[in-house]
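Now for the letters of each chain:
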Amino acid sequence: MASRRPTLELSPAGLWCPFGEFHIDPWSPVPQAIVTHAHADHARPGMGNYLVAAEGEWVAKARLPGASIQPLPYGERIRLGDVEVSLHPAGHVLGSAQIRVEHRGEVWVVSGDYKLAADPTCRAFEAIRCHRFISESTFGLPIYRWPNPQDEMARLRAWRRRCRDEGRFAVLSTYALGKAQRILAAMESEDLPILVHGALEPLIAAYRAHGVALPPTLPADRANATAHRGRALVLAPPSAVGGAWIRRFTPASIGVASGWMLVRGMRRRRGCDEGFVVSDHADWPDLLTAIAATECEAVALTHGFAAPLAAHLRSKGLRATTVRTRFGDESEDHDGPGVEAAVGSVGGDELFPSEGPA
Amino acid sequence: MSVAEFATLVRGLAATASSSQRASLLEAHLRAADDLSAAWAFWFLLGHRIPRTVPVRLLREWVAERAEVSPELVASCHDHVGDLAETLSLLLPDLPEESSDVALAELVEAGVSGLAGSSREQQQRILASWWQRLDRDGAFLHLKLVTGGFRIGVARGIALRSAAAAIGVEASVLEDRVCGGFTPTAAAWRALREPPNPDEVAAQPRPFQLAGGLGIADPDLEPADAPLFGPDAIDLGSIDEWLIEPKWDGVRAQLLRRRETRLASRGEGYLDRSFPEIVDAARGLPLGCVLDGEALLWSEDRPAPFTALQRRLGVRRHQPGLFDAVHAVFFAFDLLEIDGSDVRNAPLSERRSRLETLLASARPDVIRLSPRLRFDTWEAADAARRSARDRGVEGLMLKRLDRPYEGGRGRGSWWKWKADPRTIDAVVVQAQSGHGRRAGLLSDYTLAVRHQGALVPVAKAYSGLSDAEIVAIDRILKGSVVDRRGPLRVVEPQVVLEIAFDRVQRSARHRSGVAVRFPRILRWRRDKTPEEADCLESLRSMLEPDESGGAVPRS
């Protein structure tokens, strides 16, 4: 199979399958997109048609109002041109999918964003055996080893109680899609009342519509701020916590839930009182586990710390390359520090460039 | 005080911005501590560090080995985290959940100082043994100490106040007792409670009074900045209540004429070797006096260029030739002791007149009275400030005549009012990760100006931008890295920053042939492209008059 054209290529619009004539998570408008999940850097507006995991249909509709959205249940195979496509749980957020593309017996998998840790709000990551694996690497450095999520949630709830005892709001900065719902799901009746910023409401509604059990929430408006002064837990996206909106919740302790909170400099920069290490991405050991579980013969890493992870994998004998995509750009889910880009231009490259002579 | 308690203290101090909470936290910990651990904690609080004795390269290797990753990967982690000790502590696998019960003093003496003079193998064994006893916080603290980077971010005033309260003396008394230095031993900690033998402190300066900055746009350097004119102006009252002097660009020092005659610097050192003429001249003063002032070099009728002063400060032993061309002057502006008694509580007006009387008998060409400048209005003083550089001084000093000498304590009775800084627009050509809240962000910038179609570096700067700007610039720079040299990233010239500095001087060490003093960032010029940055010629035009010749870039 040395001489054949690769199943997936990097076109100027994103990952492109020439045999199926579709893009995966494209960053420019194209007729047919398959989308791994509804975060803004993966599900951009303007595509002719979106194929998404059925479990993510509600979330996608909330994020892309009016778009043509085609749901596909996890594991169900469809034929697009010369390839077979199926979607498989990625464990990142509700409806997040890995995309499996099979062409003449060769299997490629695009991971999208994923985590291995348990999350009651979405289906657990499923390892898919493949020849080629295109994996995210947001936290691809060995310093990133997540603490036990239950311990971190317990710490978060203890902070929330401490704030109430001190008569302060507990304002938690959290991504609107995925993280907010995961945190809500970990709250219990004693953690009420919970007020949520308007940006979170349609997504919380989408989770509920899909049947994810979440505790009751109230809009974080002025009336509720007054009614529950000094005793509510408030969930809001980072942009709101940094803005004027937050002033209605005074006095407040500010918490941030993000994998980046593992590093002191990031905590200090966010200006928060408490950082909780809760991430919807795989940490270093889980990246290694997930990549090994695919039994792939080559892996291409994208966004985040692609180069250091690739170097590590190569030192262990795996063929590993880096791909420069636009995932992670200006995204609520990737608000860590800037990461030095992998070498190469965005788009127009082979995913596995050191391929033998054609 | 156990390591865990000390780690809790350090974390607690970082978590609160309130001075009173920090002070009470510190006091409680120092009070409860064993003498030796308290002595070490206090020594660190005063800003001391233990020099690093293990090479960073080896620390990386040893931790890489334990974490089963390559040293290069450890370096990538370090670039991202920004702090080596934190990086290593995050990489160490299998640390215990909780530190075992070890006193701070034991960790410092056995686990840090004990590394000096040990073989590499012994060092690795010592570190490994500590990594079995310390939890992640403890390992972080330990590695901060081992790498020489440990610093407790507490203002000296708060540290002294808390320690004074813990041992039951006045803060001003403690300040006096530690002014010449403090040795971290249990005996020295206990001795702080008792008055010292005067003979033992004959070479000890008094705590220096510091000045706040007026109208300096540099939040990092001068937190007490306040403008004198305009809507946010502070009210200094009538100009008659102030003593106004030139702000000399020399070295602040106290001239001690006691049983010992020394020139003491603001650090814990002496300037006797750099300025032997001043010490010699001081022997002509009556015994039992201490003068506060500024040491500088003089040529004809004005201060010599700062570069001449820098050459003197580098002097380790007497070099006669170096001292002939320009001569040293001590401009005295305050009197702290006379006839063996402490006069710091007298108002400045009284100290000044006694100083004038005293110096009437001194050798006038070496120990001089810093002149008093008289202005009828603040506007007239402002005009003199603006033209200060023409007279070779940095600006004006304003001191309230009715106040005592407030060494080491709050600001408000002394202000420095500098001439407006000079500014240029320069381009970021290299950057590396910063520390603290800038950790992991390319935020230490090397800035260049245009010269003959190329960009020549002229300054390094980091302070002055907002956090949001630093993050935004980090993203731009990381997207445009063209080369890596260790931690340094060479970037495509894109970002233009306006930098302010106090002066430009010739420099043989810089490729541009000039160096700027105290560069700081005023603002990000998003409206400018690198082609619109300043050129080297505009910097050269700012050289001091007697330095403008010969500033040619090295090719």
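These lines cover the structure that appears in this document, whether it is placed above or below.

Calculation notes
- Residues numbered from 1 in each chain as written.
- Chains lettered and ligands numbered in written order.
- Predicted model: local features only at pLDDT ≥ 70, side-chain atom pairs only at ≥ 80, totals over all residues.
- Contact = placed C-beta atoms within 7 Å.
- Helix = DSSP H or I, 4+ residues; strand = E, 2+ residues; numbered from the N terminus.
- Nonpolar A, V, L, I, M, F, W, Y, C, P; charged D, E, K, R; others polar.
- Buried ≥ 20, exposed ≤ 12 C-beta atoms within 10 Å, placed from the backbone.
- Arc of directions from axis to C-beta.
- Pairing = 2+ DSSP bridges.
- Axes fitted to C-alpha atoms, helices over the stretch in contact; angles between N-to-C directions.
- Core = buried A, V, L, I, M, F, W, Y, C linked by C-beta atoms within 7 Å.

**Observations regarding the interface of chain B and chain A**
Part 1: Taken residue by residue, the interface counts 26 residues in chain B and 18 residues in chain A.
Part 2: Breaking the side of chain B that touches chain A down by element, the ones donating at least two residues are helix H5 (71-81), helix H6 (84-91) and helix H17 (467-478) of chain B.
Part 3: No other element matches the six residues that H5 of chain B contributes to the side of chain B that touches chain A.
Part 4: Broken down by class, the residue content of the side of chain B that touches chain A amounts to ten nonpolar, eight polar and eight charged.

**Regarding helix H8 (residues 284-293) of chain A**
Helical geometry: 3.6 residues make up each α-helical turn, so side chains three or four residues apart lie on a common side.
All names here are of chain A.
Part 1: All of the buried residues in H8 are Trp-284, Asp-286, Leu-287, Ala-290 and Ile-291. Buried residues of H8 fall within an arc of 165 degrees about the axis and therefore sit on the same side.
Part 2: Looking at the buried positions of H8, the neighbouring elements they touch are strand E11 (132-137), strand E18 (298-304) and helix H9 (306-315).
Part 3: At the C-terminal side of H8, Glu-295 shows a positive phi close to 55 degrees.

**Some remarks on the sheet that holds strand E5 (residues 49-53) of chain A**
Residue and element names in this part refer to chain A.
Part 1: Read from one edge to the other, the open sheet built from six strands follows the order E1-E2-E3-E4-E5-E6, with strand pairing classed as mixed. Edge strands, defined here as strands with exactly one partner in the open sheet, are strand E1 (9-11) and strand E6 (69-72). Sheet twist, expressed as the average angle between the axes of neighbouring strands with direction ignored, equals 35 degrees.
Part 2: Sheet topology places strand E4 (residues 32-34) next to E5; three bridges connect them, and they run parallel. Each residue of the ladder has a partner; that of Ile-34, found in E5, is Leu-51.

**So, the environment of His-510 of chain B**
Residue and element names in this part refer to chain B.
Part 1: With respect to the secondary-structure elements, His-510 resides in the loop between strand E18 (503-506) and strand E19 (514-517).
Part 2: Residues His-510 and Ala-459, spaced 51 residues apart in sequence, show a C-alpha to C-alpha distance of 9.1 Å.
Part 3: Ignoring anything within four residues of it in the chain, the contact list for His-510 reads Val-458 and Ala-515.

**Examining the nonpolar core**
Side chains that are nonpolar tend, in soluble globular proteins, to be buried together.
Part 1: Within the largest apolar cluster, 204 residues are counted, with the highest numbers of intra-cluster contacts made by Val-234 of chain A together with Ala-41, Ala-426 and Leu-447 of chain B.
Part 2: Examining the composition of this core, we find that nine residues originate from one element, helix H3 (residues 35-45) of chain B, more than from any other.
Part 3: Setting aside chain neighbours within four positions, we find Ala-426 of chain B in contact with Leu-447, Ala-448, Val-449, Val-458, Ala-459, Leu-497, Ile-499, Ala-533 and Asp-534 of chain B.
Part 4: The next biggest cluster of nonpolar side chains, apart from the first, holds 37 residues, and it includes Leu-255, Ile-278, Ala-281 and Ala-282 of chain B.

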